[in-house]
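# Coordinates in review
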Amino acid sequence: MAITKIQAESMNLADTYAFTGTVTGTPSTLVKTGSLVSTSDAGSYSLDGCFSAAYLNYFVTFKYATATDGNNCYLRFRTGGSTNTVSKYQNYTLFGDNAGNTGANINSYSDHAQLGYDLEATDTKAITGFMYVYSPFSTTYLTNATPHYNAITQAGNRRMYFGGVQFDDTTSFDGFQLTPNTGNGSLVDLQCWGIKE
C-alpha cells in the first residue's frame, strides 16, 4: 500500500473526514462496563453486571451523598443481584484535611468496607473519587481495591483519602454497592470501565 504524505496545514480540522482501515498501537485500554446515576433517596445504590470474565481489573469513578449529616459511606461487593455481607472486608484508608488533621478509617473483618465517615448531607458536597478494583470476578485471587477520594465532614472539614480495601476470600463478584450506615443516600453517580490488558 502506498503512503501519501500531506502538509499539516492542508487539512482543515473542522471538516469531517471518512476513514477506512485499522489503527494499531493506540492505547484504548478502558471499556465501559456499567453506570448508575440517581438523584433519588435510596437505602443503597447497586451497580450489577459491571464485572465479568472479560476483564481482570476495573477502573471506577464514584460520587455519593448521604441524606443525613454524620452518616458513613460503605462499600460492599455483589454477586447475582445479592449483596455480600460476610465479615471478610478489610480496609485501611488514610486521610488529611484542610485543618491539618490526619487519621485513618480502619475496618478489620467487617461486613463492609468504609469509604467515608461523618459526612455532610449536601448533594453538592458529595464524596467524590475513583478506585481501581482488582480481580473482582476471579475465583483464584482475592478482590482488592485502591480508593482515592475527597469528602466533606458535617463540621465542614475537607478531607482527602487514599488507601486499600480487601475482601479476604476468592468469592466471584459481578457488581458493587454504596450504602449509608443508616438511613438513605441522596445522590449517586457510579461509572465502571474494564481495563484491557
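Described in the following lines is the structure provided in the data block. Since the structure is predicted, the reported quantities are computational estimates derived from the model, not experimental observations. (Residues numbered from 1 in each chain as written. Predicted model: local features only at pLDDT ≥ 70, side-chain atom pairs only at ≥ 80, totals over all residues. Heavy atoms only, no water.)

In this section: the overall build of the protein chain. Scanning the protein chain from N- to C-terminus turns up zero helices and 13 strands. Walking the protein chain from its N terminus toward its C terminus, one meets helices and strands in the order β-β-β-β-β-β-β-β-β-β-β-β-β. Sequence separation of at least 24 residues holds for 74% of the intrachain contacts in the protein chain that already meet a minimum separation of 6. For the protein chain, the computed accessible surface area is about 10300 Å², with 52% contributed by carbon and sulfur atoms. (Helix = DSSP H or I, 4+ residues; strand = E, 2+ residues; numbered from the N terminus. Contact = heavy atoms within 4.5 Å. Areas by Shrake-Rupley, 256 points an atom, 1.4 Å probe, with all protein chains shown as cover.)

The next subject is the side chain of Thr153. With respect to the secondary-structure elements, Thr153 resides in the loop between strand 10 (143-152) and strand 11 (158-167). We classify Thr153 as buried; its relative accessible area is 3%. In this structure, Thr153 is in contact with Tyr117, Asp118, Leu119, Glu120 and Arg159, ignoring residues within four places of it in sequence. (Buried < 20%, exposed > 50% of the residue type's maximum accessible area, 1.4 Å probe, protein only.)

Residues Leu75, Phe77 and Phe176 are the most contacted members of the largest nonpolar core, which totals 33 residues. Among the elements that take part in this core, strand 3 (residues 57-66) stands out by supplying four residues, more than any other. With residues up to four places along the chain from it excluded, the contact list for Leu75 reads Tyr89, His112, Ala113, Leu115, Met131, Val165, Phe176, Gln177 and Leu178. (Core = buried A, V, L, I, M, F, W, Y, C linked by side-chain atoms within 4.5 Å.)

A word on the sheet that holds strand 3. Taken in spatial order, the eight strands line up as 1-13-3-9-10-11-6-7 in an open sheet, and their pairing is antiparallel. At either margin of the open sheet sits one strand with a lone partner, and together these are strand 1 (30-38) and strand 7 (102-110). Looking at each pair of strands side by side, their axes are set apart by 15° on average, direction ignored. In the sheet, strand 3 pairs with strand 13 (residues 185-195) via nine bridges, with the strands oriented antiparallel. Considered in strand 13, the bridge of Thr61 is made with Gln191. (Pairing = 2+ DSSP bridges. Axes fitted to C-alpha atoms, helices over the stretch in contact; angles between N-to-C directions.)

Moving on, we get to a nonpolar patch on the surface. Residues Tyr92, Leu94, Ile106 and Phe162 make up a contiguous nonpolar surface patch of about 400 Å² in total accessible area. The class for Ile106 is exposed, based on a relative accessible area of 58%. (Patch = residues over 30% accessible without salt bridge, like charges linked within 9 Å, V, L, I, M, F, W, Y side chains within 5 Å. Salt bridge = Lys/Arg side-chain N within 4 Å of Asp/Glu carboxyl O.)

To continue, consider the pattern of salt bridges. What the rule picks out here adds up to five salt bridges. Taking the shortest distance from any N to any O, the salt bridge between Asp48 and Arg78 comes out at 2.7 Å. Placement of Asp48 in strand 2 (residues 45-48) and of Arg78 in strand 4 (residues 71-79) is noted, with a sequence separation of 30 residues between them. Residue classification places Arg78 among the buried positions, given a relative accessible area of 8%. Across the pair Arg159 and Asp97 runs a salt bridge, and its minimum N-O distance is 3.9 Å. One end of the pair, Arg159, is in strand 11; the other, Asp97, is in strand 6 (residues 89-97), with 62 residues separating them in the sequence. Pair check on accessibility: Arg159 and Asp97 agree, each one buried.

Locating Ser135 in the fold gives a position in the loop between strand 9 (127-134) and strand 10. On the accessibility criterion, Ser135 (7% relative accessible area) is buried.

Of the pairings in the sheet, the one linking strand 6 to strand 7 comprises seven bridges and is antiparallel in character. The residue bridging Tyr92 from the neighbouring strand is Ile106, located in strand 7. Counting the residues in the hairpin turn of strand 6 and strand 7 gives four residues, including Gly100, whose phi is positive at 85°.

What follows is about the pairing of strand 4. In terms of burial, strand 4 is largely enclosed, as eight of its nine residues are buried. Here strand 4 runs beside strand 8 (residues 113-119); their pairing, made up of four bridges, is antiparallel. Of the residues in strand 8, the one forming a bridge with Leu75 is Ala113. Relative to strand 12 (residues 175-180), strand 4 is paired through six bridges, and the arrangement is antiparallel. In the strand pairing of strand 12, Arg76 is matched with Gln177. Judged from the two bridges that link them, strand 4 and strand 5 (residues 82-83) form a sheet pairing that is antiparallel. For Arg78, the partnering residue across the bridge sits in strand 5 and is Thr83.

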